[in-house]
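Inside the fold
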Amino acid sequence: MASEVRVDEGPFGPEVRPGSGTVAQTVLYLHGDPRLAGTPQDALPTARELARLTGYTVVCARYRRRFPQALEDVQSAWEHCHAHGPAGVAGKRLGGALAAGLLLRLRDAGATLPTCAVLSSPVLDFTLDSPSLLLNAAADRTVDAQALPIRAATYAGTTPRDHPLLSPLHGNLHGLPPLQLHAAGTEVLLDDTLSFATRAAHSGVAVDMRIHEDSAAQGLRQLEATAQFLRAWCPDGSVVSRRG
């Protein structure tokens, strides 16, 4: 593990690099917050810790706040990361949706996929009809469930809400790389994670799902588990290439 890291400004956003040694892999990290917004700079604390724990470079990509422009930006950042060797992808909330959408787009194009993907409290279904949106509304203090439909509509624009690249839960999940998913048992988007993990597993995808007691427990445990997963699925710099 790297003890020190440095932050450089790259062409697609901040790049957090281990202080020394050979970097075997890059991680494309896609930010997100409870308001379906945020900036790459918001992700820097997480990126720094991931770089320390893995010894990988972590690229915190910028993306526009509308679909499909956001996914186009993410794919450009992915191509930048992949050009430097094997790369994984990780995303939080809206960033998790974009990470999953990127997997589907790359697979459909017959392109090289990330070695693995980590999705944290992802928004995977913009139809917003999961039961946990109501059942956990009182327990989840991180997301304004009443404002979520407005923010989701602003992001989706004219794209049909069940379009698989916008709402990956509605897509074909065969042929994806190994996935790790994290969610709190109290969050309003819990069902997105549960349903996606189940459908992916039924599609033959290796799935590691971690449901934490609440957001505080998730914050304490997730980074180490994420780092272990990233190291496990790219221990030797191998590249994953699959076609759907």
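Presented here is a report on the structure given in the accompanying data block.

Basis of the calculations
- Residues numbered from 1 in each chain as written.
- Predicted model: local features only at pLDDT ≥ 70, side-chain atom pairs only at ≥ 80, totals over all residues.
- Heavy atoms only, no water.
- Helix = DSSP H or I, 4+ residues; strand = E, 2+ residues; numbered from the N terminus.
- Axes fitted to C-alpha atoms, helices over the stretch in contact; angles between N-to-C directions.
- Parallel < 35°, antiparallel > 145°, perpendicular 65-115°, else oblique.
- Contact = heavy atoms within 4.5 Å.
- Nonpolar A, V, L, I, M, F, W, Y, C, P; charged D, E, K, R; others polar.
- Disulfide = S-S within 2.5 Å.
- Buried < 20%, exposed > 50% of the residue type's maximum accessible area, 1.4 Å probe, protein only.

Some words on unusual backbone geometry
Pro68 follows Phe67 through a cis peptide bond whose omega is 10 degrees. Take Pro68: it is sitting in the loop between β4 (57-60) and α2 (69-82). Positive phi is not limited to glycine here, since Ser121 has a value of about 45 degrees. Summarising the element assignment, Ser121 is placed in the loop between β7 (117-120) and α4 (132-135).

A look at the packing of α2 against helix α3 (residues 94-108)
Between α2 and α3, the shortest axis-to-axis distance is 10 Å and the interhelical angle comes to 70 degrees. By the angle class used here, α2 and α3 are roughly perpendicular. Of α3, the residues touching α2 (which contributes Ala70, Leu71, Glu72, Val74, Gln75 and Trp78) are Leu98, Gly101, Leu102, Arg105 and Leu106. Residues of the contact of α2 with α3, tallied by class, amount to seven nonpolar, two polar and two charged.

With respect to the state of the cysteines
Tallied over the entire structure, the rule returns zero disulfides. You can see Cys60 has no disulfide; the closest cysteine sulfur is in Cys81, sitting 9.8 Å from it. Under the relative-accessibility criterion, Cys60 is labelled buried at 1%. On the basis of relative accessible area, Cys81 is assigned to the buried category, the value being 1%.

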